[in-house]
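Understanding the architecture of this molecule
The primary structure of each chain is shown beneath.
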Amino acid sequence: MTALNFVYSPRQACVVVDTAISGPRPQQASKTVILPHVRCVIGFVGSLVLFADLAASLLVSDVRDADGLMERLPDTLRALRAQWGAQAPSTSVYMFGVGGDGEIRVAAYASEMDFAPRTDWRPWVAYCTPLPAALTLAPARGTPAASHPADAPAPRSRPSWRDCVRTLTDAVEIQRRAHPASIGGRLIVTFLTADAIHQTVLREL
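Keep in mind it's a predicted model, so treat the numbers as computed, not measured.

1. A word on the nonpolar core
Formed by 23 residues in total, the largest nonpolar core has its most connected members in Leu35, Ile42, Leu54, Leu69, Met95 and Tyr109. Going through the elements one at a time, strand E5 (32-35), strand E6 (40-45), helix H1 (48-58), helix H2 (66-84), strand E7 (92-98) and strand E8 (104-110) are the ones with two or more residues in this core. In terms of residue count, H2 provides more of this core than any other element does, six residues in total. Counting 19 residues, the second largest nonpolar core, distinct from the first, contains Val15, Val17, Tyr127 and Leu192.

If you want it as structure tokens, here you go:
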């Protein structure tokens, strides 16, 4: 299980993940890959082996922006799943990128949906995966509510960018307490704009 939380606006995106990889031998790994030549950030929930193969193929991709990558990802993911066959577990890939018009694109590709792209995300909503019940409580005034990607309400008013990012990072602590065996390690925060991609280790979980 992966804590993958994000928020975006037309001009920027923030992606927050943990680094724990559960299994017979627990370890840590990066759950996002940065593609500066495409101005994209890719994150995943599910199969590390499938994501590692995807990352290797994307690092030498000849697409130039998020629009081209959005079109290519479904077929790429289906081909990788076919290579792994029945061994490929449920996996979702999230793409955050800068389109040809300079605005942020967000798309998700779930194996349960045959990797068809989902693009109906709302800006200024703090999306959290997984979403524990504790995060569905009414937030303090001025703080954006966290939402599960599958069912996010439209924000009543635009919160500040800082409040959105704080909601994402605070949510990871709640997610970790709800899933201590599979969420943990380091808290990695990635910021994407049309001009730059910044990634940092915020703290140990």
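2. Focus on the packing of H1 against H2
Following both chains from N to C, one finds H1 and H2 inclined at 130°, their axes separated by 10 Å at the closest point. The orientation of H1 with respect to H2, classified from their angle, is oblique. The chirality of how H1 crosses H2 is right-handed. Residue-level inspection shows Val49, Leu50, Asp53, Leu54, Ser57 and Leu58 of H1 in contact with H2, the latter providing Leu69, Leu73, Thr76, Leu77, Leu80, Arg81 and Trp84.

3. Focus on the sheet that holds E7
Pairing between the strands of a sheet is mediated by backbone hydrogen bonds and can be parallel or antiparallel. Taken together, the five strands give an open sheet; going across it, the order is E5-E6-E7-E8-E9, and neighbouring strands pair in antiparallel fashion. Looking at strand neighbours, the two that pair on one side only are E5 and strand E9 (117-118), the edges of this open sheet. For E8 and E9, the ladder comprises two bridges, and the chain directions are antiparallel. Counted as the bridge partner of Ala108 is Arg118 from E9. Packing of H1 onto the sheet brings it into contact with E5, E6 and E7, and relative to E6 it is tilted by some 165°. Relative to E8, H2 is tilted by about 5°, and along the sheet it contacts E5, E6, E7, E8 and E9.

What counts, and at which threshold
Residues numbered from 1 in each chain as written. Predicted model: local features only at pLDDT ≥ 70, side-chain atom pairs only at ≥ 80, totals over all residues. Heavy atoms only, no water. Core = buried A, V, L, I, M, F, W, Y, C linked by side-chain atoms within 4.5 Å. Buried < 20%, exposed > 50% of the residue type's maximum accessible area, 1.4 Å probe, protein only. Helix = DSSP H or I, 4+ residues; strand = E, 2+ residues; numbered from the N terminus. Axes fitted to C-alpha atoms, helices over the stretch in contact; angles between N-to-C directions. Parallel < 35°, antiparallel > 145°, perpendicular 65-115°, else oblique. Left-handed = near helix turned anticlockwise from the far one by under 90°. Contact = heavy atoms within 4.5 Å. Pairing = 2+ DSSP bridges.

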